[in-house]
Amino acid sequence: MRKTIVFLLLAVLQNLTAQETPTLDYYLPDNVSYNPTIPTPKDIIGHEVGEWHVTHDKLLFYMQALAKASDRITLENRGTTFEGRPLVLATVTSPSNHKNIDIIRKEHLDLTENFNKKHDVNTMPIVVYQGFSIHGNEPSGSNAALAYAYYLAAAQGPEMEAMLADMVILLDPSFNPDGLQRFAYWANSNKSKNLVSDPNDREFHEVWPGGRTNHYWFDMNRDWLPVQLPESRARIASFHKWMPNILTDHHEMGTNSTFFFQPGVPGRVHPLTPKLNQELTREIGTYHAKALDNIGSLYYSEENFDDYFYGKGSTFPDINGSIGILFEQGSSRGHLQESENGLLSFPFTIRNQFTTALSTIEAAKNMRPKILAYQRDFYQTAKEEAEKNKTKALIFGDTKDAAKTWHLAEILHRHKIKFHALDKDVTLGGKAYKKESSFVIPTQQKNYRLVQAMFEKRTQFTDSLFYDISAWTFPLAFNVDYTEVPSMNYAGEEITELTPLTTTIEKESNYAYLFEWHEYYTPKALNSILNMGIRAKVAKQPFFVEGKQYDYGSIMIPVQNQRFDSKELYAVLKKISNDSKVNMVAVQTGLTKGIDLGSNEFEPLKKQEIAMIVGSGITSYDAGEIWHLLDQRYDIKLTKLDTEYFNRIDLAKYTAIILPNGSRGHGLDKNGNEKLKQWVQNGGVLIGYRNATEWLSKNEFIKLTFKKDTLVAKNISFGQKKDFLGAQITGGAIFETSLDRSHPINFGYQKEQLPIFRNTNIYIEADKESFNNPIKYTNTPLLSGYISEENLALIKNSVPFQVQRMGKGRVIVFTDNTNFRGFWYGTNKLLMNAIFFGKIM
Ligand SMILES: [Zn+2]
């Protein structure tokens with residue numbers, strides 16, 4: 001009896017110990033022998049998988065050690081993150097496949113290109129891309145990658161060898177190294193020796209902005225299509241290099257959830273995705289179900305998450321002949337946490353990710369010919385559709401903005417979409433296209449469907465709920481003209497390498513230099529000019545001089561009375577022109593048609609000292625987009641003021657302060673509000689975004705009238721409530737505005753219409769005085785995406801922008817995010833206008 005009790009007690013203790021310090025056996029399948037020459041994770045990183053949160057550098061060391069020890073694994077470095085961490089990818093296959101890896105890859109690509117050749121899908125290897133923890137604070141994925149990589153390198157036996165002979169695995173152990181590192185630091189530094197599972201513990205409450213995002217606080221799982229971030233660029237290059245058949249994306253969700261695998265909600269699949277894609281996803285799902293049944297883990301599928309926005313990792317593959325699969329594991333966040341399903345340990349979450357990584361390759365092995373045939377047929381039917389399409393080419397361009405057009409072409413280039421130069425200047429349906437700043441995309445090409453997904457406008461939907469945005473039409477995001485044409489007549493030669501733009505100032509002047517404000521990088525040029533202590537002015541009216549028309553907002557730099565002599569000034573400006581891709585013109589006279597160069601209609605500009613309020617209470621995505629825009633694109637220094645110490649600092653030196661979207665009073669208390677108000681009254685320009693509009697109105701910084709939704713539920717049951725309310729969310733759609741081009745907020749825009757991205761339901765009533773409404777939603781504003789009828793009625797003729805004086809300063813508000821996800825190039829200038837020209841509004 002006593003013996004039994006002791007034995008039981010020991011068993012309980014062992015169980016607890018096992019939970020706290022797992023060994024590798026906990027993850028690995030039974031009945032497999034392992035090659036003893038392969039180092040285990042603990043051999044290299046000094047702790048068991050799941051004992052601590054792996055830091056990115058340790059993960060990297062382990063992958064390097066495996067590549068060295070195993071002839072199944074090679075490791076390539078594809079670049080670095082913003083913080084300089086290597087973006088590695090392991091290629092895992094049999095040693096004999098490794099000897100022919102390039103031939104295998106080319107054959108694999110040939111399957112999607114050369115339909116005359118009879119490829120035998122029964123004998124070809126399948127390609128599986130497995131990626132982990134794109135959200136850095138969803139760490140079970142990257143931690144599972146340790147055990148999974150060990151398994152792939154060390155597992156022995158004929159079954160494993162057959163698997164590797166039939167498969168090339170691209171193992172991306174960390175989609176987001178900077179975020180993973182940030183989160184590991186947090187979870188490890190708050191870990192107690194006696195694991196604390198109380199959800200109130202600091203371990204589970206990361207400080208702002210948390211480890212989800214990358215260095216500039218971007219959600220990288222929205223950048224698969226726009227490819228604006230270095231991590232995405234490396235990943236997308238690997239994707240197109242290999243055209244994987246299956247791509248998996250391992251995430252985490254709320255602590256009280258179990259485990260999710262795709263398919264998502266069946267009715268919310270993008271219509272360009274073939275039906276068979278979802279059927280295959282469902283069949284692959286049966287392997288995950290079986291594997292999770294075996295270890296007793298709860299799971300679900302088809303109830304939430306969707307396959308609509310192609311910018312997400314599990315949906316992007318679906319428009320590229322591949323099958324994208326999302327996994328979501330309930331998060332332990334730290335090492336052990338109480339949940340509605342009992343104690344949730346970090347090792348348990350890792351084991352589910354490990355198990356589904358394995359069930360993925362099992363499905364790939366068994367379904368190989370079927371999935372390869374699906375990929376071939378995807379491209380063959382796309383080719384047939386393209387041939388039937390009457391549109392043979394898409395032309396896009398902006399006559400006054402070569403850089404912005406170039407950046408759109410750069411996205412095409414990264415996706416291996418073919419495009420050509422424009423043969424000659426042409427006007428189509430009233431839209432002018434210039435040879436130097438336009439491109440032609442043939443529709444008859446391999447990536448026909450991807451082109452459609454990027455360029456189409458869609459306003460009809462079968463469902464009114466979206467997990468993410470409902471529109472991302474690239475030519476609207478870039479605010480470029482585009483036209484569909486029925487032939488390739490305008491196409492010049494194909495562009496295979498995008499050469500950098502070249503700009504200059506052709507001659508020296510003794511009088512003045514001029515440039516228009518339309519080019520994308522003009523704010524970068526102006527900022528450099530002002531930082532060099534060079535005087536510059538902005539034209540509030542158009543004028544004509546020496547054979548050239550200059551629009552509103554043109555910048556004039558007089559030669560006389562500068563801190564440089566005329567020769568030095570020419571050299572400095574020439575360098576700025578070159579660095580910022582902005583052509584400047586030397587003029588020899590101040591006499592113009594319109595305002596003369598000495599006119600008071602030229603306003604002197606001031607060097608800017610810009611700050612942004614960040615920290616607890618501010619939406620980190622919105623703040624990060626602004627930081628990235630100024631720092632990475634325009635080389636403009638931005639001081640980040642944390643709400644934590646905002647009340648203790650002196651604001652006097654700042655000329656402009658940006659208040660991004662936020663919650664809980666944007667983290668500012670009464671003293672903070674007063675301080676900000678005082679600063680505006682003394683002459684500061686305060687720029688508020690999205691719901692900062694309402695906060696600034698409520699706190700009497702600005703007088704605004706909002707249009708409110710009066711919708712009341714009628715005949716809507718409790719069961720329908722969620723869908724009813726969900727249908728009123730404007731998750732992200734594109735709307736047309738009309739511009740008053742004479743207002744400084746619109747300087748640099750050459751057309752009277754501007755597409756704006758919107759993901760709020762804040763509607764400002766237009767001012768009584770028409771000149772106070774320089775940007776106004778039109779009467780039929782919906783260009784692309786979903787909005788409810790009720791909200792569409794509210795947005796019509798409302799205004800997304802207002803500016804008002806307060807003392808010597810200005811309060812500027814935007815209801816919409818003009819910097820969305822780093823790829824909304826078309827509206828980036830609005831923020832720059834608010835900063836540089838705020839004081840003349
Ligand atoms: Zn996630």
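The structure presented is a predicted model; accordingly, all values stated were derived computationally and were not measured.

Reading the values: the criteria
Residues numbered from 1 in each chain as written. Predicted model: local features only at pLDDT ≥ 70, side-chain atom pairs only at ≥ 80, totals over all residues. Heavy atoms only, no water. Helix = DSSP H or I, 4+ residues; strand = E, 2+ residues; numbered from the N terminus. Rg over C-alpha atoms; globule rule 2.2 N^0.38 Å. Buried < 20%, exposed > 50% of the residue type's maximum accessible area, 1.4 Å probe, protein only. Contact = heavy atoms within 4.5 Å. Phe/Tyr/Trp six-rings, centres within 6.5 Å; stacked < 30°, edge-to-face > 60°. 1 Å grid on protein atoms, 1.4 Å probe; cavity = no way out; pocket = protein on both sides within 12 Å on 5 of 7 lines; lining within 4 Å. Points joined across faces, edges and corners; volume = space filled by probe spheres on them. Nonpolar A, V, L, I, M, F, W, Y, C, P; charged D, E, K, R; others polar. Salt bridge = Lys/Arg side-chain N within 4 Å of Asp/Glu carboxyl O. Donors = N, O, S within 2.8 Å, 3.2 Å for Na, K, Ca; no water. Tetrahedral: all angles 85-135°; square planar, octahedral: opposite > 155°, others 65-115°. pLDDT = per-residue confidence, 0-100. Axes fitted to C-alpha atoms, helices over the stretch in contact; angles between N-to-C directions. Parallel < 35°, antiparallel > 145°, perpendicular 65-115°, else oblique. Pairing = 2+ DSSP bridges.

(A) Examining the overall build of the protein more closely. Counting its secondary structure elements, the protein contains 23 helices and 33 strands. The C-alpha atoms of the protein give 29 Å as radius of gyration, which agrees with the globular expectation for 841 residues (28 Å, within 12%). Dimensions of the protein, computed from C-alpha atoms along their principal axes, come out at roughly 100 × 70 × 65 Å. Here the protein, with 841 residues, has 60% of them falling under the buried criterion. Considering only contacts in the protein between residues 6 or more positions apart, those separated by 24 or more positions represent 79%.

(B) Local environment of the packing of aromatic side chains. Throughout the structure, instances matching the rule amount to 54 aromatic pairs. With centroids separated by 4.8 Å and ring planes inclined at 75°, the aromatic side chains of Trp208 and Trp217 adopt a geometry described as edge-to-face. We classify Trp208 as partly exposed; its relative accessible area is 25%. Trp217 gets classed as buried once you look at its relative accessible area, which sits at 7%.

(C) Looking closely at empty space enclosed by the protein. Under the counting rule described, the total for this entry stands at 3 cavities of 30 Å³ or more. Together, 15 residues line the largest cavity, and Asp401, Lys404, His518, Gly748 and Tyr749 are the ones closest to its centre. Roughly 60 Å³ of volume is contained in the second largest cavity. A per-class count over the lining of the second largest cavity returns 4 nonpolar, 4 polar and 3 charged.

(D) Local environment of unusual backbone geometry. Cis geometry marks the peptide bond from Trp208 to Pro209, where omega comes out at 0°. Position of Pro209 among the secondary structure elements: in the loop between helix 8 (177–189) and helix 9 (230–242). The amide bond that connects Gln262 to the next residue, Pro263, takes the cis arrangement and shows omega of 15°. Along the chain, Pro263 turns up in the loop between strand 6 (259–261) and helix 10 (275–295). Not every positive phi belongs to a glycine, and Arg333 is a case in point at roughly 60°. Taking the relative accessible area as the measure of exposure, Arg333 reaches 22% and is therefore partly exposed. The backbone of Arg664 sits at a positive phi, close to 45°, despite the residue not being glycine. Structurally, Arg664 is set in the loop between strand 27 (656–659) and helix 19 (670–681). By relative accessible area, Arg664 is classed as exposed at 64%.

(E) Representation of the pattern of salt bridges in the model. A complete count under the given rule lists 37 salt bridges for this structure. Across the pair Glu107 and Lys117 runs a salt bridge whose closest N-O atoms are separated by 2.9 Å. Within this pair, whereas Glu107 is found in helix 5 (residues 101–110), its partner Lys117 is found in the loop between helix 5 and strand 3 (126–132), the two being separated by 10 residues in sequence. Given a relative accessible area of 38%, Lys117 falls into the partly exposed group. We note a salt bridge from Lys607 to Glu609, for which the minimum N-O separation is 3.2 Å. One connected set of salt bridges, linked through shared partners, spans Glu138, Arg212, Asp219, Arg222, Asp468 and Arg821.

(F) Seen up close, the coordination of the zinc ion. Note on the zinc ion: its protein donors are His135 (ND1), Glu138 (OE), Glu138 (OE) and His251 (ND1). The metal-donor distances range over 2.0 to 2.6 Å. With 4 donor atoms in place around the zinc ion and angles of 54 to 155° between them, the coordination shape is irregular. Between consecutive donor residues of the zinc ion, the sequence gaps follow H-x2-E-x112-H. Here His135, found in the loop between strand 3 and helix 6 (140–154), pairs with His251, found in strand 5 (residues 246–253); they are 116 residues apart in sequence, far enough to count as distant.

(G) Molecular detail of the confidence of the model for the protein. Chain-level pLDDT for the protein is 95 on average; 98% of the residues reach the 70-or-more range. For residues 1–18, every residue scores under 50 in pLDDT, and the model assigns this stretch 0 contacts once sequence neighbours within four places are set aside.

(H) Region of interest: the packing of helix 3 (residues 56–69) against helix 6. At a minimum axis distance of 11 Å, the contact between helix 3 and helix 6 shows a crossing angle of 10°. The angle between helix 3 and helix 6 places the two elements in the roughly parallel class. Judged by residue contacts, Leu59, Tyr62, Met63 and Leu66 of helix 3 engage Ser142, Leu146, Ala149, Tyr150 and Ala153 from helix 6. For the contact of helix 3 with helix 6, a count of residues per class yields 8 nonpolar, 1 polar and no charged.

(I) Geometry of the layout of surface pockets. A volume near 1000 Å³ is recorded for the largest pocket. Forming the boundary of the largest pocket are 42 residues, of which Ala402, Glu436, Thr503, Glu519 and Asn583 lie nearest the centre. For the lining of the largest pocket, the secondary structure elements donating two or more residues are helix 13 (402–414), strand 11 (420–422), strand 14 (438–442), strand 17 (512–515), strand 20 (548–550) and strand 22 (585–587). Here the element with the most residues in the lining of the largest pocket is helix 13; it accounts for 4 residues. For the lining of the largest pocket, a count of residues per class yields 18 nonpolar, 11 polar and 13 charged. Estimated volume of the second largest pocket: approximately 730 Å³. Lining the second largest pocket are 28 residues, with Pro29, Asp30, Tyr151, Leu358 and Glu362 sitting closest to its centre. For the lining of the second largest pocket, the secondary-structure elements that each account for two or more residues are helix 7 (158–165), helix 10 and helix 11 (346–366).

(J) Quick look at the pairing of strand 29 (residues 733–739). Of all the 7 residues making up strand 29, 5 are buried; the element is thus mostly covered by neighbouring parts of the structure. Both strand 29 and strand 30 (residues 753–758) contribute to a ladder of 6 bridges, which runs antiparallel. By the bridge assignment, Phe735 is partnered in strand 30 with Ile756. Across 5 bridges, the pairing between strand 29 and strand 31 (residues 775–784) is antiparallel. Residue Thr737 lies in a different strand from strand 31, and its bridge partner there is Tyr777.

(K) Structural view of the environment of Leu711. Along the chain, Leu711 turns up in the loop between helix 20 (692–698) and helix 21 (721–726). We classify Leu711 as partly exposed; its relative accessible area is 32%. Taking the C-alpha atoms as reference points, Leu711 and Asn779, separated by 68 residues in sequence, lie 21 Å from one another. Look past the residues within four positions of Leu711 in its chain and what remains in contact with it is Phe724, Gln728 and Glu790.

(L) Focus on the sheet that holds strand 20. The strand order 20-19-23 describes an open sheet built from 3 strands, whose pairing is antiparallel. Edge positions in the open sheet fall to strand 20 and strand 23 (593–594), since each of these has one partner strand only. Two strands pair when backbone bridges link them, and strand 19 (residues 543–545) and strand 23 are joined in this way by 2 bridges, in the antiparallel orientation. Bridge pairing in strand 23 links Phe543 to Gly594.

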